[in-house]
Amino acid sequence: MLDLNRLKALHAVHVYGSVGAAADALMVTPSAVSQQIAKLERETGARLMERNGRGVRLTDAAGLLAEHAERILALVETAEADFEALRGEVVGRLNVAAFPTAARGLMPQALVALRGRHPDLWIQLNEREPERVVRDVARGELDLGIVQDWLNRPMALPDGLSRATLLDDVADVAMPAGHPLAASREVELAALHGERWVSSTPGTVCHDWLVFTLRNASLEPEIACLADEYPTQLALVAAGLGCAIVPRLGRYVPEGVAMVPIRPRQARRIYAVWRADAARRPAIRALVDTLMEVSREQENAWAVR
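Since the structure is predicted, the reported quantities are computational estimates derived from the model, not experimental observations. (Residues numbered from 1 in each chain as written. Predicted model: local features only at pLDDT ≥ 70, side-chain atom pairs only at ≥ 80, totals over all residues. Heavy atoms only, no water.)

Participant: Whenever I open this one, empty space enclosed by the protein confuses me. Can you help?
Facilitator: Empty space among the atoms can be located by rolling a probe the size of a water molecule over them. A full pass over the atoms with the stated rule returns two cavities of 30 Å³ or more. Reported here for the largest cavity is a volume of approximately 70 Å³. Lining the largest cavity are Trp150, Val198, Ser199, Ser200, Cys206, Trp209, Leu210, Tyr230, Gln233 and Ile245. Looking at the lining of the largest cavity, the elements that each hand over two or more residues are β8 (196–199), α8 (205–216) and α9 (230–238). (1 Å grid on protein atoms, 1.4 Å probe; cavity = no way out; pocket = protein on both sides within 12 Å on 5 of 7 lines; lining within 4 Å. Points joined across faces, edges and corners; volume = space filled by probe spheres on them. Helix = DSSP H or I, 4+ residues; strand = E, 2+ residues; numbered from the N terminus.)

Written out as structure tokens, the structure is:
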């Protein structure tokens, strides 16, 4: 009889490419992964890992078993979802991840609401970038993720994932309070010709979007400072080192910064993603419903400002 936890360890090494990466994904030690696979070798009577330079590689037998393990784990997940749906109870554990702004601007309110409504539901929150969130949900490492893309640069999702739109997060231009346009009701992007910019680091979604958007407005961006966190970007703007485009969700504006709406309107879409096979789980439905409720409250708050 094949042990499910040992199959899960083998599958993780197959997916992530090394014992260390598999251990990180499973949130255990590399030694624990190696021990599980050693037990699986004794269980099957087959050699599953062998030395490859300083690391290890899976044998052909391991690759075959890992393919079966993927199907077995998917069936187990479907069975668990069906059983939870039959009971109709919002219980169990969800492993969830959100990109930093959503982790700050949506998740605290959602987690507090869920704790009050469903005390037997345990949610583990992780902070991760959107591309990794999508990958980890698709692989089964996460039960649900909150991701974002910009409306003028949508992100494709792999097959097998479901999504629910939570809100459109409008972005404004942040500029030093003494800037000539700081008192404007709104500003055309084209009017920011010659400005220096504070941006996320190259290769991130937000950096690539900023360059794409400014060039679409016939502006060649001069990037003066690089910082991935929006609070850091706003501190650099307050110091007079450039302008930045910053979404409203979870935003804290320091003294010395003016936030001016942009024309044409710029926004990113924020949505929840989960595996379609898990959609029947009451816990997934409860989390998505709560996130949509919190998102509506956030949009209503923006509307009355």
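Participant: Looking at this structure, I do not really get the side chain of Thr213. What am I missing?
Facilitator: With respect to the element layout, Thr213 can be found in helix α8. The exposure class of Thr213 is buried, given its relative accessible area of 3%. The contacts of Thr213, once residues within four sequence positions are left out, are Asn152, Leu189 and Gln266. (Buried < 20%, exposed > 50% of the residue type's maximum accessible area, 1.4 Å probe, protein only. Contact = heavy atoms within 4.5 Å.)

Participant: In this structure, what is going on with the layout of surface pockets? I would like to understand it.
Facilitator: Considering only enclosed or pocket space, the largest pocket measures out at about 1,200 Å³ in volume. Lining the largest pocket we find 38 residues, and of these Lys8, Arg139, Gly140, Glu141 and Arg275 sit closest to its centre. For the lining of the largest pocket, the elements supplying multiple residues, two or more each, are α1 (4–16), α2 (19–26), α3 (30–44), α4 (60–87), β3 (92–98) and α7 (130–139). With eight residues, the top contributor of residues to the lining of the largest pocket is α1. Among the residues forming the lining of the largest pocket, the class breakdown is 17 nonpolar, eight polar and 13 charged. The computed volume of the second largest pocket comes to approximately 240 Å³. Sorting the residues of the lining of the second largest pocket by element identifies α5 (100–105), α7 and α8 as the ones contributing at least two each. (Nonpolar A, V, L, I, M, F, W, Y, C, P; charged D, E, K, R; others polar.)

Participant: Explain the environment of Ala174 to me, please; I cannot follow it from the model alone.
Facilitator: In this structure, Ala174 sits in strand β6 (residues 161–176). The spatial distance from the C-alpha of Ala174 to the C-alpha of Arg263 is 14 Å, given a sequence separation of 89 residues. Setting aside residues up to four positions removed in sequence, Ala174 forms contacts with Leu234, Val237, Gly242, Cys243, Ala244, Val246, Val257, Ala258 and Met259.

Participant: Just checking my understanding: could you explain α8 for this structure?
Facilitator: Each full turn of the α-helix corresponds to 3.6 residues, which orients residues three or four apart in the same direction. If you check α8, its first and last C-alpha atoms are 16 Å apart, about what 12 residues at 1.5 Å a residue would give, namely 16 Å. Residues Cys206, His207, Trp209, Leu210, Val211, Thr213 and Leu214 constitute the buried set of α8. Of the surrounding elements, those touching the buried residues of α8 are β5 (144–150), β8, β9 (222–226), α9, β10 (244–247) and β11 (257–275). (Expected span 1.5 Å × (residues − 1).)

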